[in-house]
Every structure is written in structure tokens, then in C-alpha cells.
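What follows is each chain in one-letter form.
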Amino acid sequence: MTTKSAAAAARATVYGYPRQGPDRELKKAIEGYWKGRVTADALRTTAAELRAANWRRLADAGIREVPTGDFSYYDHVLDTTVMVGAIPERHRDAVGADALDGYFAMARGTQDVAPLEMTKWFDTNYHYLVPELGPDTVFTADTAKQVAELEEALALGLTARPVVVGPVTYLLLAKPAPGVPADFEPLTLLDRLLPVYAEVLADLRAAGAEWVQLDEPALVQDRTRAELNAAARAYRDLGALTDRPKLLVASYFDRLGEALPVLAQAPVEGLALDFTEAGAANLGDLAAVGGLPGKRLVAGVVNGRNIWVNDLEKSLSTLGTLLGLADRVDVAASCSLLHVPLDAGLERDIEPQILRWLAFAQQKTAEIVTLAKGLAQGTDTIAAELAANRADLASRAGSPITHDPAVRTRTRAITETDARRSQPYSERAGAQRARLGLPLLPTTTIGSFPQTGELRTARADLRAGRIDTAGYEERIKAEIGEVIAFQEKTGLDVLVHGEAERNDMVQYFAEQLTGYLATQHGWVQSYGTRYVRPPILAGDISRPAPMTVRWTSYAQSLTGRPVKGMLTGPVTMLAWSFVRDDQPLGDTARQVALALRDEVNDLEAAGTSVIQVDEPALRETLPLRAADRAAYLAWATEAFRLTTAGVRPDTQIHTHMCYAEFGDIVQAIDDLDADVISLEAARSHMQVARELASHGYPREAGPGVYDIHSPRVPGTEEAAALLRTGLKAIPAERLWVNPDCGLKTRGWPETRASLENLVTAARTVRAELSAS
């Protein structure tokens, strides 16, 4: 195909779309179903209506091939587990009795059965359910969901492309099932899994699919030769099938690197590549392997993970280069639009000029269509769009929001000493123990307590003017009083104020820092029915006034036990925001760290003896390629220390991380120089405690004994058993007892019961230690 004909054939597409609906209709329907207020049929009807609305919206915008199968009640990896029949033994009865309830049991657990482990989807803030596999796993195809959704789209008269997690990525994301040796490698099941994928492809072909997209993002990570050989074998075998659709193998989040020639040579009809950020290296790599002659290239030139408008002329230049490297070039976002909010046009509180800098899923769709049109028909046909885009980019670059001379001067003045505590931990620990007087195995929580309906109503009433600020603050004081009283009665040792005044652990601070923008409708799925509104880090950051001191001090006035000051750390403030892309991330992190340092110092001056700076995103933001990690960890750990290093030796600094794989960042955890770290550990059976011990981690740690992302209440003996496991790795004088994460999403009845059991477990094990 000539370059001209390749351009003329260009079409616009996307890999996936936000699931929740404009008013989070899916979340409300699912949670209504869990509470018995919505029937299964009503839930299915809502889901079908949302899918149809998404497809029509995409088609009306000019997307010529809509994705199907990306929609999920909870998680697309869990959907794949169902599709291949890899149901864990403990969930089979539930799935057999009722497929929908069994599905949610795998996701959330029940009182009697633990859920699947949950962790981060590559370096995003989306969480997936980890497949559990073993040498006895038997795969069986269940294509009902994929086929039904394809048929729904085809019935609307649309061209549709089913999207499925690829077999190699599925196995690389999996872990050994409970009871299976830890060194078992799920990828050894590939030959057993491929016939199931063959059946899936055949069923989709029979249902009318011309193309099927197989997502293989795991191949953008560093892979061994054996793993690359497995990928080559997988696509050799799938490509050799006679009864199948055309195959589009999709990668995203980074460059394919050594996996690119493997997929380029595979007998598949198309390849999707990320040409944004780190993935831009794909351009040179693609040229180096001789392009994709005879194949379709889907070019991800619109960033699917940020919310800034695309540089259309730059993207057109990239697309023009790609025209010579494939028989057909289509235009797409770099990944599924699941990771951005739905529509910037819904925002009413952002200045109109600034709003033009932003592109959510709907606006990104328009950019993709514009680029495809310009590629196919020439830039004269999109001259107006290009002119408007140039003006928007210039407006942002020249805005005073993005440049604050005082902030930049302070950041340039940072020295190495500013990021170091005045004494090493070995000397600080004694001073902290003397000041705090805590028992062996001290108990605490991570920070937040349940956000009750009354609290949400009070917040809505304040926004609507139904109550004034004084009335709202009285409600917050009452809630703090109840939380402190409960913790004292239960017997927790280090208390928290419960964060009743906070809407979100990042948004709350962003709303009080200069340089951030807040949205009203910018919801993004984090996991299941948990949606967050990431703030937008648009400019230079500073702290005009204290943010937490008042409420922490009030809580401390109600008790003689220490109350932790609670802050979100600088890396998480970046990772869980849509961060600016016009300067290095390390520079932005230092700005945020200095603002938080002022807050830490003010908390200490107000008498706070324990300050927790949460960094749950430290691991998730780790670059996918090992070669890129040292530079990231250097500025990330420096930013944390810059936040916390100004306190006295007897002020105890805590940090918290959750729902990620920690083994490959233990040295970075050590480099934070926090006095205490709490980590998720309940679902992973204290794996992180063993990883800390293997590293020789010298400080205090609280591996969680209560999985807060499940509604089940862990029994006292269950929590005690986890503690005993933790003690095999961490000495008792350095082991804390706490939940995996904050309790914001839990209800009060389960919270009370779980924390009472946690404290009883700590006392039980403490007594065992005293008796031994």
C-alpha cells in the first residue's frame, strides 16, 4: 500500500471508554444491588443502557470502530478470569449457585470466603483482581459476556472490535494460588490456556467480529528471553488458527522494546503501539525493525492517561512518519480512556480559558477523530481545529498560573541537608519511645474512619447553602469526638481524628494549595465501585495557610493518647492528580514537598508527636522499565524526606503504602527514613513482612492484619495468626498492628467489630510473648 492510500484508509478508534456513566449510574446500580435495593435484572438493564450510550456517543463523534468487552461490573481482569474458567476453588460453589453473586464474591469476598488479591494495574491508580493459578488449574471457555456485548453493538448497526486481555499478559499478572509453591510460574500454563483463547476467538468470529483486540501491556515491561519466546509461541499458534477474526495485538503505557520484533514478526494482522511519553521510543524502534509491512498499525498519539489537550500538529507529524511504516495507520489514544474522566464540558467552576486546556474522554475522542481526518484528507480540512489548538497551547504556556517566581526561587535553594533528619533512626527511636510510652505491638489505624451518610449530607448541605460553615464545623467536631471516644474505648494506642472533614486524601489538600484545579464531575474508577476525582496539578505549588492543624489539635484536646497528624505525601499528590506535563516530575514533586514540609512543621509546633505522611503511590508510579527506575526513586524518596526531615528526633514519622507489589522497592522504602511504615499485607498473607526481613529493614513496620477492601470481619484468631506470621519476620519491638488501609469506604458495624478483634488479637499475641 502506498503512503497516500495508507493515509486515505485511516480511521479513528479507541481501546476502551469510561464505564460509570455521566452520573456514575453503574456505581449506584451495583451498590444498590449489593444492598438489595436493585434487582439483578435492573442492574443488567442499567449496564446495557450505559454500554449502548457509550457506543452511540463514540459513533456520533466519528469513531468508526467501537470497542466491546471493555465494560465491566468490577474489573476487566476478573472478567478474563471468568472467561477462561479459572475460578478459585473457594469461590466455585458461589459462582455455581449464582454467577453474578459469585463474581462479586471473588471481587469483594464474603464473611466466610476471602476475595482475590487486588493490586495496581501497571503504573496506574486502577486496581485489578489478581488471578490465582496452579499446576492443577483447568481452563474452560465462557464467552457469554464477550459475545453478548459484541452482538449488542452490532445490533445498533456499528462496526465493533471486541477487546480481551491477551493470554501472555493474563498469565504474567497471575500469582500462585494459596497452597501452591511460591516459585510456581503461571506462564507455564500457556499451552493449556491457548486452546481456550482459540475457542473465544472462534465464538467471536461466529458472532460477527472482523477484528479482535488482544491487550498485551505486560510486554512493555522488562521480559526474559523465555517470556518473549512464550509470547512468540502464543501468537504463532493463535495466528495459525483458521477459524478466527483478524488479530490486533495492543500494547500501551511504555515502549515495547525487545518485544516489538517478536510481535512484528508474528502472524497477526495488526499491532497497536503507544507513541506518547515513554512510548515515543516506539517510533524509532518500529523503523529499526523495518515497520509493519502488510499489517495494520493503530497509533496511540493522544495521551489516554492525562487530561491536557493534545498538540495536534506534533501528533500529525508523528502520524506522517508512521505512514511509511505500515500498510494502514489508524489513530487512537495511547490506552483505554478508562483512566480519564468522561467530559470536561460538564465542568462549570473552571475558568473557560483554562477549561480549553483540558481534554477528558469525550474531548480526546474528538481529538482522535480530528487527527484521523487530517491524516486521511489533509490538514486543510482541519485548519480551524489546528488554529484553535495552537491558541490553547500558547495560552497555557504563557499563563501566570504555571509560573510563580517565589516558588521557583525556594525550590532552587534546596540543599541536601534539607532532606535529612538531624539524627539517624537508631538514635531517634529511643527518644520517640520515651515520649510516646507505647506497649509492645502498638495498635493504630491508617487514618480515615467511615464517611457516614450524615457526613456526606452535611457536606452537600454546606455546598447548597442549607447550612452555614459554623453548622458544618459543629458536625465535624461531633464526628471527631465520636471517633476518638470509640478508639479510646476499643483500646487503640495511637489514635486518628478520622478525617471527617476530608472529601478525598488528595483532593482535600489540592483544594488548599495554589496551583491545583478541582473538578466537580471528573470521576475516574479506582477499583470496583470506588471512584475518585483526581485534582489537576496545573501550576506552581505553594501552601497559603495551615491545612490540618486545627482539626488534629482539636482531636488531641479530647484524649491523652497520641493522635496522628495525617498528610498525603508528595509522590501520591502527583500520582493521584492529573499532573502537569510541561516540566520534569521531580521539579513538581519538590514544590509539593516544600508546601507539605510547612504543614509538618506546623503540626509539630502545635504539639503533634506522631505525623503520618502517606505514600501509597510510591510503588505504582515506579517506571515499568528497570532502566528508568533509579532516576525516579531518587527524586521520589528525596521529596518524601524533604517533607519530613525538619522535625525533632522525638517526633515519630509514619508512612503508609497499600495494594502494590513492594518487593522491588524495599530499598526505596528504607531510603524514605520514616520511623514506622504500615503496609497492605492481609490478602497477600504477610508477604511484605518477609520482603522487609529479607532486605534487613531496620525500622518499625505495621503489615496489615485487616483487609479493608472486603466487607467481611476478620476474626480475632485470623488477625492473631497473621500477627504471628509477621513476628517470624519482624521483631516484636518493631512490629505494629493495624489495618491494611483507611476505613473511609467501610460501614461502622464492620469497622467496630474488626477493630475490636484487631485489638484483642494484639493483646493475645502480646500476652503470648510475655509468657514465652
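Now for a look at the structure at hand. Quantities reported herein were computed from a predicted structural model and do not represent experimental measurements.

1. Quick look at the overall build of the protein
Looking only at helices and strands, one finds 29 helices and 21 strands in the protein. Computed over C-alpha atoms, the radius of gyration of the protein comes to 26 Å, within 12% of the 28 Å expected from 2.2 N^0.38 for 772 residues, which places it in the range of a compact globule. For the protein, the spread of C-alpha atoms along the three principal axes comes to 75 × 60 × 50 Å. For the protein, the residues scored as buried account for 62% of the 772 residues in total. For the protein, the proportion of contacts with a sequence separation of at least 24, taken over those separated by at least 6, is 80%. Roughly 27,400 Å² of accessible area belongs to the protein as shown, and the carbon and sulfur atoms make up 52% of that amount. With 82 positive and 101 negative side-chain charges, the protein shows a spacing of 1 Å between the two charge centroids.

2. Some words on the sheet that holds strand β19 (residues 652-657)
Pairing is parallel in the open sheet, where five strands are placed in the order β16-β18-β19-β20-β21. Edge strands, defined here as strands with exactly one partner in the open sheet, are β16 (564-568) and β21 (700-703). Adjacent strand axes in the sheet meet at a mean angle of 20 degrees, parallel and antiparallel pairs treated alike. As judged from the four bridges shared by β19 and strand β20 (residues 676-679), these two strands associate in the parallel manner. Across the sheet, the residue bridging to H654 is V676, located in β20. Of the strands in this sheet, β18 (610-614) and β19 touch helix α25 (residues 629-644), which is tilted by about 145 degrees from β19.

3. Concerning the packing of helix α3 (residues 40-61) against helix α7 (residues 144-155)
The relative placement of two packed helices comes down to the angle between their axes together with the axis-to-axis distance. Interaxial distance between α3 and α7 falls to 10 Å at its minimum, and their mutual angle equals 50 degrees. By the criterion of interaxial angle, the relationship of α3 to α7 is oblique. Crossing hand, α3 versus α7: right-handed. Here A48, R51 and W55 of α3 come into contact with α7, specifically with E149, E152 and A153. Partitioning the contact of α3 with α7 into residue classes produces three nonpolar, no polar and three charged.

4. Section: the packing of aromatic side chains
Within the structure shown, the criterion is met by 15 aromatic pairs. Judged by centre distance (5.9 Å) and plane angle (50 degrees), the rings of F122 and F253 are tilted. Of this pair, F122 sits in the loop between β2 (118-120) and β3 (127-129) while F253 is found in the loop between β8 (246-250) and α11 (260-264), placing the two residues 131 residues apart along the sequence. Judged by relative accessible area, F122 falls into the buried class, the value being 8%. Judged by its relative accessible area of 7%, F253 falls in the buried class. Ring geometry for Y252 against F253: centres 4.8 Å apart, planes inclined by 85 degrees, an arrangement best described as edge-to-face. Since its relative accessible area comes to 4%, Y252 is described here as buried. One Lys or Arg, R550, reaches over the ring of W551 and ends 4.6 Å from the middle of that ring.

5. Observations concerning empty space enclosed by the protein
Taken as a whole and assessed by the stated rule, the structure comprises six cavities of 30 Å³ or more. By volume, the largest cavity is sized at about 510 Å³. Contributions of two or more residues to the lining of the largest cavity are made by β13 (524-527), β14 (530-532) and β16. If you tally residues by element for the lining of the largest cavity, the top one is β16, at three residues. Of the residues belonging to the lining of the largest cavity, the class tally is 14 nonpolar, eleven polar and seven charged.

6. Some thoughts on the pairing of strand β7 (residues 211-215)
Extensive coverage of β7 is indicated by the burial of five of its five residues. Alternating residues of β7 divide into W211, Q213 and D215 and V212 and L214, and every residue in both groups is buried. Crossover β7 to β8 through helix α10 (residues 225-239) is right-handed.

7. Let's talk about unusual backbone geometry
Backbone geometry places F253, a non-glycine residue, at a positive phi of 85 degrees. Despite not being glycine, L441 shows a phi value in the positive range, around 55 degrees. Secondary-structure assignment places L441 in the loop between α18 (425-436) and α19 (453-464).

8. Brief notes about the pairing of strand β5 (residues 160-165)
Counting buried residues along β5, six of its six residues qualify, which places the element largely inside the surrounding structure. A two-sided burial pattern is seen for β5, the buried positions comprising A160, P162 and V164 on one face and R161, V163 and V165 on the other. Of the strand pairs in this sheet, strand β1 (residues 66-68) and β5 are connected by three bridges, and their pairing is parallel. Bridging across to β5, V66 finds its partner in A160.

Conventions used here
- Residues numbered from 1 in each chain as written.
- Predicted model: local features only at pLDDT ≥ 70, side-chain atom pairs only at ≥ 80, totals over all residues.
- Heavy atoms only, no water.
- Helix = DSSP H or I, 4+ residues; strand = E, 2+ residues; numbered from the N terminus.
- Rg over C-alpha atoms; globule rule 2.2 N^0.38 Å.
- Buried < 20%, exposed > 50% of the residue type's maximum accessible area, 1.4 Å probe, protein only.
- Contact = heavy atoms within 4.5 Å.
- Areas by Shrake-Rupley, 256 points an atom, 1.4 Å probe, with all protein chains shown as cover.
- Lys, Arg positive; Asp, Glu negative; His and termini not counted.
- Charge placed at Lys NZ, Arg CZ, Asp CG, Glu CD.
- Pairing = 2+ DSSP bridges.
- Axes fitted to C-alpha atoms, helices over the stretch in contact; angles between N-to-C directions.
- Parallel < 35°, antiparallel > 145°, perpendicular 65-115°, else oblique.
- Left-handed = near helix turned anticlockwise from the far one by under 90°.
- Nonpolar A, V, L, I, M, F, W, Y, C, P; charged D, E, K, R; others polar.
- Phe/Tyr/Trp six-rings, centres within 6.5 Å; stacked < 30°, edge-to-face > 60°.
- Lys NZ or Arg CZ within 6 Å of the ring centre and 35° of its normal.
- 1 Å grid on protein atoms, 1.4 Å probe; cavity = no way out; pocket = protein on both sides within 12 Å on 5 of 7 lines; lining within 4 Å.
- Points joined across faces, edges and corners; volume = space filled by probe spheres on them.
- Right-handed = clockwise from strand over helix to strand, strands pointing away.

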